[in-house]
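Tertiary structure, described
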Amino acid sequence: QVQLVESGGGLVQAGGSLRLSCAASGRTFSDYAMGWFRQAPGKERECVAAISRRGGNTYYQDSVKGRFTISRDNAKNTVYLQMNSLQSEDTAVYYCAADWVLFVSVVPTASNDYDYWGQGTQVTVSS
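The following paragraphs examine the structure supplied in this document. Every value quoted in this text rests on a predicted model; they were computed, and no experiment measured them.

Cut-offs and rules
Residues numbered from 1 in each chain as written. Predicted model: local features only at pLDDT ≥ 70, side-chain atom pairs only at ≥ 80, totals over all residues. Heavy atoms only, no water. Helix = DSSP H or I, 4+ residues; strand = E, 2+ residues; numbered from the N terminus. Rg over C-alpha atoms; globule rule 2.2 N^0.38 Å. Buried < 20%, exposed > 50% of the residue type's maximum accessible area, 1.4 Å probe, protein only. Contact = heavy atoms within 4.5 Å. Areas by Shrake-Rupley, 256 points an atom, 1.4 Å probe, with all protein chains shown as cover. Lys, Arg positive; Asp, Glu negative; His and termini not counted. Charge placed at Lys NZ, Arg CZ, Asp CG, Glu CD. Disulfide = S-S within 2.5 Å.

When you go through the chain residue by residue, the secondary structure sums to zero helices and eleven strands. Seen in sequence order, the chain has helices and strands lined up from the N terminus as β-β-β-β-β-β-β-β-β-β-β. Relative to a compact globule of 127 residues, whose C-alpha radius of gyration would be 14 Å, the chain shows 13 Å and is just as compact. Seen along its three principal axes, the alpha-carbon backbone of the chain occupies a region of about 40 × 30 × 25 Å. Counting every position in the chain, which comprises 127 residues, the buried fraction comes to 44%. Long-range pairs, those at least 24 residues apart, make up 60% of the contacts in the chain between residues at least 6 apart in sequence. Approximately 6300 Å² of the chain is accessible, and the part contributed by carbon and sulfur atoms is 46%. Side chains of the chain give 11 positive and 11 negative charges; the mean places of these two sets differ by 6 Å.

Within the fold, A23 resides in strand β3 (residues 18-25). The exposure class of A23 is partly exposed, given its relative accessible area of 38%. A23 sits 56 residues away from V79 along the chain, and the two C-alpha atoms are 6.8 Å apart.

What follows covers the state of the cysteines. Counted under the stated rule, the structure contains one disulfide. Residue C22 pairs covalently with C96 via a disulfide, S to S 1.9 Å. Looking along the S-S bond of the C22-C96 disulfide, the torsion reads about 40 degrees, which is the right-handed sense. With C22 in strand β3 and C96 in strand β9 (residues 92-100), this residue pair connects regions lying 74 residues apart in the sequence. Residue C47 stays outside any disulfide, its sulfur separated by 12 Å from that of C96, the closest cysteine. The buried category is assigned to C47, whose relative accessible area is 7%.

Quick look at the structure:
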C-alpha cells in the first residue's frame, strides 16, 4: 500500500500562485510514476501533470503548459505541483496519484493507470 497526503491548496486570486505537495509513504517512492489530477464540479477527473520515476520525463495538459511545473524529490518521498498565473478555470479538487511502473521513462496520464490516490486538496481561484 502507498499512502498519499496532499497539502497546499487554498483560495487565491486570479494571477496568483500556489504550490501543492504530496507526501508518500508505505513503499519505495522511486518505483512509482506520479501524477496530479483535478476534478471540477460536474466534470471528469483529468490529468494535469505527471512525472516519471526519476523525474526525467514529464507530461502537462495543454491548458497548464507554461504555468504549472511538476517536480519530485525522491529523497523526501514528495511530489510537487507549482501553479503560477492561476485562472478561475483552475478551480478544482486536486489529487495526487501513484502508479507502479517498470520502466523509469514511463509517464502515465490516464486515471485508470494509477493505483493509489490521495484524498484531494481544494484549489479555488477567485476572479
